[in-house]
Amino acid sequence: MVLSVNNVSVSLERSRIVDGIDCHLKAGELLMLLGPNGAGKSTLLKAISGDLPYGGSVTLSGQELGQWHPERLARQRAVMPQRVEVNFPLTVEEVVQLGRPRTAPGSGKRVLDELMNELDITHLRHRLVPGLSGGEQQRLQLARVLAQIIDSPGDRLLLLDECTSALDPAHQQMVLDLVRRLAKDEGFAVLAVVHDLNLAAQFADRLLVMKAGRLVHEGSARDVLTPELLETVYGFTARVVELEEGYPMVVPRRRGRSSAYTAPLNPSCRQAS
Amino acid sequence: MIRDAAGRLGFAPSLVVALLAATLVALVSITSGAYPLALGDILSVIIGREASDPVASMVLLEVRMPRFLLGFLVGAVLAVSGALLQGLFRNPLADPGLIGVSAGASLAAIAVIVLGNTWLGGWLAMTGEWALPIAAFLGGSCTVLLAWRIANRSGQTAVATLLLAGIAINAVAGAATGLLTFYANDEELRSLTFWTMGSLGHAGWDDLLVGAPFMLLALLAAPWLARPLDAFLLGESVVGHLGYRTDTVKKAAILVVGLGVGAAVAVSGLIGFVGLVVPHLVRQLLGASHRVVLPLSALVGGTLLVAADSLARVVVAPAELPIGLMMALIGGPFFLALLLRTKVI
């Protein structure tokens, strides 16, 4: 088991944001974490990333996180936060190089070039980061994060917090396809927080659903993405269509004309029409 | 090629240009002043021969050399401290002056001057001739820590809070300094003015002996922080993800700044703008990587301060303008021009 999360809880300012989560991740597995805003997904990810103190136990390759030497841990675990803001005039190439650990062998130039190519940022390599679009910055950050563990020996854990939120559909497919390939071909264990249910259905091996700090469901896309669960967890009604490609697709139902959103605010308007 | 693919100046050519500029400014600074020296005199003293003019040799060895060395060190330390703080806070506005470090260091030094014979007698007895630099160092470190604590309560550096905390710290330190000035006698007042406006006028080998070890230590320690500080530019949590001990890096940077700025203030008083302007200029020309910013800031900062000091000696000769005043006169308009020209800070 690459990652074992056992009974992990996180409290922030006296309220419990993550409450007794268990999850396990094997090498080569792509696990996606779903749930409404405020469910505690990012907080759980931050605990596993070492950004927040937690109760319970998190082990990487069987060793408790706190017992890892920071430099060695950085060769096995890479984290892509939800947002990385760069205000200083660093170039794209410099930022990707920052991801490369000091302990990695060689200059890594070939690896970095390949990563920039995969993420379609090679043409931006000499541009300054503050001038890039949100999507370009997101691809850059993923390249930096991957540079950290791409050629490490041993177990590798990749933690992604909404890594496609700023990307256009083509780049979303490109990025998640790369992440899936890294899991299947390179044996990365990947835990990714996502909001897009259909991307989750398309790419994940397994889905975890959180609500109010707890794990409420776990399973394949077909098990998890049901109209009933979407109704109870997210509070919206949707159809779930089975696609020829072999995974389900969620189609939200449009609200009727009588819904609060479409009704005129002022009753006199309704009379006039 | 002078410029790289990103349109920035290359590190090696810039280093050469900066070294040449430093040498030129050094020669100008050493030869100019109330007693003009010829290059020939300098050469003969350097190669160990008696100069034709014994006064020239004395002026060179006892006045100009220590003053140049001290000025260069102070400028280098202030610029490097500015670069460190800007990296640590991820904010190009951070500067030892703005967040109150210099004011804290200066307050501690002034307290030693004014209260040395009364309340702080024990401190003087304990530290001897090191009383001033150590006090300034402690004052500087405490204020960095205070500003850091205040701005970091939520776990992330709140930039606005940091600057507001700096304003408050500056105000309190200013008031306390005012109070001490009020109680100071005439002789103490004269040395106080030196602190508040900054001066290299008294620079001698004694000052150098006391301040240089601290400043050299700060300058030599700074390069170790270059890589982790680059990671800081991506955000504090990223530093930990990349395998650095975030807290150790922060504390080391604060210690280096407190050490360097404390010693710089101890020997030269309050000199603003170097810490703000120099790293900013270097980043505009060469990019933001600290492996480039730190060494070049040191060179440019030292050169700039020595140049300003030479100018301060010449413009109202035989009197001297305080160097702090001169720096603000040059640095202020220059910084404004830089701001008007640039899009990305």
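For clarity, every value in this text was computed on a predicted model and none was experimentally measured. (Residues numbered from 1 in each chain as written. Chains lettered and ligands numbered in written order. Predicted model: local features only at pLDDT ≥ 70, side-chain atom pairs only at ≥ 80, totals over all residues.)

### Some thoughts on the overall build of chain A
Line of reasoning, step 1. In terms of regular secondary structure, chain A is built from 10 helices and 12 strands.
Line of reasoning, step 2. In terms of overall size, chain A behaves like a compact globule, its C-alpha atoms giving a radius of gyration of 21 Å where 273 residues would be expected to give roughly 19 Å.
Line of reasoning, step 3. Its C-alpha atoms put chain A at 75 × 45 × 45 Å along the principal axes.
Line of reasoning, step 4. Looking at the 273 residues of chain A, the share that counts as buried comes to 43%. (Helix = DSSP H or I, 4+ residues; strand = E, 2+ residues; numbered from the N terminus. Rg over C-alpha atoms; globule rule 2.2 N^0.38 Å. Buried ≥ 20, exposed ≤ 12 C-beta atoms within 10 Å, placed from the backbone.)

### Quick word on the overall build of chain B
Line of reasoning, step 1. For chain B, the count of helices and strands is 15 helices and zero strands.
Line of reasoning, step 2. Projecting the C-alpha coordinates of chain B onto the three principal axes gives extents of approximately 65 × 60 × 35 Å.
Line of reasoning, step 3. Within the span of chain B, comprising 345 residues, buried residues form 50% of the whole.
Line of reasoning, step 4. Pairs at least 24 residues apart make up 76% of the contacts formed inside chain B by residues separated by at least 6 positions. (Contact = placed C-beta atoms within 7 Å.)

### Concerning the interface of chain B and chain A
Line of reasoning, step 1. Across the boundary between the two partners, chain B contributes 21 residues, which contact 25 residues of chain A.
Line of reasoning, step 2. At the level of secondary structure, the elements contributing two or more residues to the side of chain B that touches chain A comprise α10 (226-232) and α11 (236-241) of chain B.
Line of reasoning, step 3. With four residues, α11 of chain B is the largest single contributor of residues to the side of chain B that touches chain A.

### Considering the sheet that holds strand β5 (residues 63-64) of chain A
All names here are of chain A.
Line of reasoning, step 1. Pairing is antiparallel in the open sheet, where four strands are placed in the order β2-β1-β4-β5. Sheet topology places β2 (15-25) and β5 at the edges, where each strand pairs with a single neighbour.
Line of reasoning, step 2. Sheet topology places strand β1 (residues 3-12) next to strand β4 (residues 55-60); five bridges connect them, and they run antiparallel. In the sheet register, S9 faces β4, and the bridge partner there is G55. (Pairing = 2+ DSSP bridges.)

### Overview of the nonpolar core
Line of reasoning, step 1. Among the nonpolar cores identified, the biggest contains 190 residues, and V190 of chain A together with V77, L84 and A109 of chain B are the most heavily contacted of them.
Line of reasoning, step 2. Among the elements that take part in this core, helix α3 (residues 54-88) of chain B stands out by supplying 18 residues, more than any other.
Line of reasoning, step 3. Sequence-distant contacts of L84 of chain B, that is, excluding residues within four places in its chain, are made with A222, L225, L229, A253, V256 and V257 of chain B. (Core = buried A, V, L, I, M, F, W, Y, C linked by C-beta atoms within 7 Å.)

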